[in-house]
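# Remarks on the overall topology
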Amino acid sequence: GVLYVHNLGSPIVENRQDAINAIGLQNTDMFNSIGSLGELENLREQEIKHGQEGMFVVLSDVHLDSPAVVEKIDRMLEGYSDFSPLPIFVFMGNFTSKPLSGEGTRAMMSYFDDLTNVICKHPDIARDGRFVFVPGPNDAGISGILPRGPIPNYITSSLRSKVRHAIFASNPCRMRYFSKEIVFFRDDLVGKMRRHTLIEPREDEDEMTSGHRQLSRHAIKTVLDQGHLSPLPLLASPIYWQHDHALRLYPFPDALIVGDRVEQYYENYEECDTINPGPFSNGFNFVAYSPIGEISEERINSDVEFSQVP
């Protein structure tokens, strides 16, 4: 017999709250830190009272081997030095413009030393600011497989000794802000999916959006619909099976921030904020994300502000 396929689609989409209601809180809390629905409601009450001032400043492709990039980081930190509370700074790789090998380790250490000196020029930020570093595909360490571990300690020892709250995380990285779950992921997602697509995504003729924007939308919709950050064959995107759970997106996080090499974008898909801060090395763009923005009787809205260092 012959199998004729007339339509092929992704699984039915569930937003975060529907998924929690369906399978229970204990099966959805990857942090294993919320014991009951009562504790979750208490966190939501606390975030309304105390969470509106919290902010994440996210940069991607922070090429520390570029003097211009380091200079712009200095200027950006100066702009945030008077904020109270200080934002959480999330720097995503790649941290060099080209992959390093051999003697490149010593060069990488010097680049992070340069960044340390810039941060320490702002004593309040160096003392109280929180920095999270998420490695990119070409950064030092075991690459070419997901999830990937942090940048090795011997490269970052100087920064960690002088910046009190510096965390070198895995890729992807998950954070909890009160009741909100945020996933940070550095990958060339759109390019990777274009290379392995079977049928080119159709353009939405009725929407006034650019082709790059529509490709970004298709890529984000695919990973969320599939509930996985790497829904590709293993030959295209190898995975550590014992750590595959770190790539899962079911239930949806409250925000998925993907550092991609395409232009900045923001979409809210089934109550999940999807954001690309854009490459900082090209235009000095970044995003300021506040998980708790405008509060209404129906819901809590986030606040997304795309910015650029002049």
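All residue numbers here refer to positions counted from 1 along the written sequence of the relevant chain. Local features in this predicted model are restricted to residues whose pLDDT is 70 or higher, and side-chain atom pairs enter the listing and the counts only when it is 80 or higher, whereas totals over whole chains, interfaces and linings include all residues. No hydrogens and no water enter the side-chain calculation; it runs on all heavy atoms of the structure.

## Notes on the sheet that holds strand β4 (residues 165–168)
Backbone hydrogen bonds hold the strands of a sheet together, and the pairing may be parallel or antiparallel. Reading across the sheet, the six strands line up as β4-β3-β2-β1-β10-β11 and stay open at both edges, with mixed pairing between neighbours. One side of each edge strand has no neighbouring strand; the edge strands of this open sheet are β4 and β11 (303–308). Strand after strand, the sheet turns through a mean of 20° between neighbouring axes, direction not considered. Only strands that DSSP links by at least two bridges are regarded as paired with each other. Per the convention used, a helix needs a DSSP run of H or I reaching at least four residues, while a strand needs a run of E reaching at least two, with both numbered from the N terminus. Relative to β4, strand β3 (residues 130–134) runs parallel, the two sharing four bridges. From the neighbouring strand, Val132 faces β4, where its bridge partner is Ile167. Contacts are assigned to residue pairs with any non-hydrogen atoms lying within 4.5 Å of each other. Only C-alpha atoms enter the line fits that serve as axes; for helices the fit covers just the stretch in contact. Angles between N-to-C directions range over 0 to 180 degrees. Set on the sheet, helix α3 (residues 67–80) makes contact with β1 (56–59), β2 (88–92), β3 and β10 (285–290); between it and β2 the angle comes to about 165°.

## Concerning the pattern of salt bridges
Any carboxyl oxygen of Asp or Glu that lies within 4 Å of a side-chain nitrogen of Lys or Arg is treated as forming a salt bridge with it. One pass over the full model with this rule turns up 17 salt bridges. Two residues, Asp124 and Arg127, come together in a salt bridge whose shortest N-O distance is 3.0 Å. Taken together, the residues Asp124 and Arg127, both in helix α5 (residues 123–128) and three residues apart, mark about one turn of the helix. The buried label applies to any residue whose accessible area, calculated with a 1.4 Å probe on protein chains only, is under 20% of its type's maximum; exposed applies above 50%, and partly exposed to all values in between. Judged by relative accessible area, which is 40%, Asp124 ranks as partly exposed. Overall, the relative accessible area of 38% leaves Arg127 in the partly exposed class. A cluster of three or more residues bridged by salt bridges with shared partners is formed by Arg16, Arg174, Glu181 and Asp254.

## Re the packing of aromatic side chains
Working definition: a ring pair exists when centres of Phe, Tyr or Trp rings (six-membered ring for Trp) sit within 6.5 Å. Plane angles under 30 degrees give stacked, over 60 give edge-to-face, the rest tilted. The tally for this structure, following the rule as stated, stands at 17 aromatic pairs. For the pair Tyr80 and Phe83, a centre-to-centre distance of 4.9 Å together with 65° between the ring planes defines the contact as edge-to-face. The class of Tyr80 is buried, set by a relative accessible area of 10%. The partly exposed category is assigned to Phe83, whose relative accessible area is 37%. Here Phe95 and Phe112 contribute two aromatic rings whose centre-to-centre distance is 5.5 Å and whose plane-to-plane angle is 55°, an arrangement assigned as tilted. With Phe95 in the loop between β2 and α4 (104–120) and Phe112 in helix α4, this residue pair connects regions lying 17 residues apart in the sequence. Exposure remark for Phe112: the relative accessible area of 1% places this residue in the buried category.

## Focus on the packing of α3 against α4
For the pair α3 and α4, interaxial distance at closest approach is 9 Å and the crossing angle is 25°. On the basis of the axis angle, α3 is roughly parallel to α4. For the element pair α3 and α4, the recorded crossing hand is right-handed. Contact residues: Val70, Ile73, Asp74 and Leu77 in α3; Leu115, Val118 and Ile119 in α4. Working definition: roughly parallel below 35 degrees, roughly antiparallel above 145 degrees, roughly perpendicular at 65 to 115 degrees, and oblique for all remaining angles. Should the near helix be turned anticlockwise from the far one by less than a right angle, the crossing is termed left-handed; should it be turned clockwise, right-handed.

## Observations concerning the sheet that holds strand β9 (residues 272–276)
Read from one edge of the open sheet, five strands run β5-β6-β7-β9-β8, paired in mixed fashion. The open sheet has two free edges, formed respectively by β5 (173–177) and β8 (265–269), since each of these has just one partner strand. With direction set aside, neighbouring strand axes in the sheet form an average angle of 15°. Taken together, the three bridges between strand β7 (residues 255–259) and β9 define a ladder with parallel strand orientation. Bridge pairing in β9 places Leu256 opposite Thr274.

## Overview of the nonpolar core
In terms of nonpolar packing, the biggest core is built from 34 residues, with Ile73, Met76, Phe91, Phe112 and Phe133 touching the most fellow members. Per-element accounting of this core gives the leading share, six residues, to α3. Residues in contact with Phe112, not counting those within four places in the same chain, are Leu64, Phe95, Phe133, Ile151, Ile155, Thr156, Leu159 and Phe168. Membership of the second largest hydrophobic core comes to 22 residues, among which are Phe252, Leu256, Val258 and Val262. As used in this record, nonpolar core signifies buried Ala, Val, Leu, Ile, Met, Phe, Trp, Tyr and Cys residues forming a set joined through side-chain atoms within 4.5 Å.

## Details of α3
By this rule the span expected of a helix is its residue count minus one, scaled by 1.5 Å. A rise of 1.5 Å per residue sets the reference length of α3, with its 14 residues, at 20 Å; its end C-alpha atoms lie 20 Å apart and thus fit the reference within 8%. Among all positions of α3, only Val69, Val70, Lys72, Ile73, Asp74, Met76, Leu77 and Tyr80 are buried. Looking at the buried side of α3, the elements it contacts are β1, β2, α4, α5, β3 and β10.

## Examining the environment of Met193
Relative to the helices and strands, Met193 is located in helix α7 (residues 189–195). When its relative accessible area of 12% is taken as the criterion, Met193 is described as buried. Expressed as a C-alpha distance, the spacing of Met193 and Ala219, which sit 26 residues apart in the sequence, is 6.9 Å. Not counting chain neighbours up to four residues away, the residues in contact with Met193 comprise Ala219, Thr222, Val223 and Pro231.

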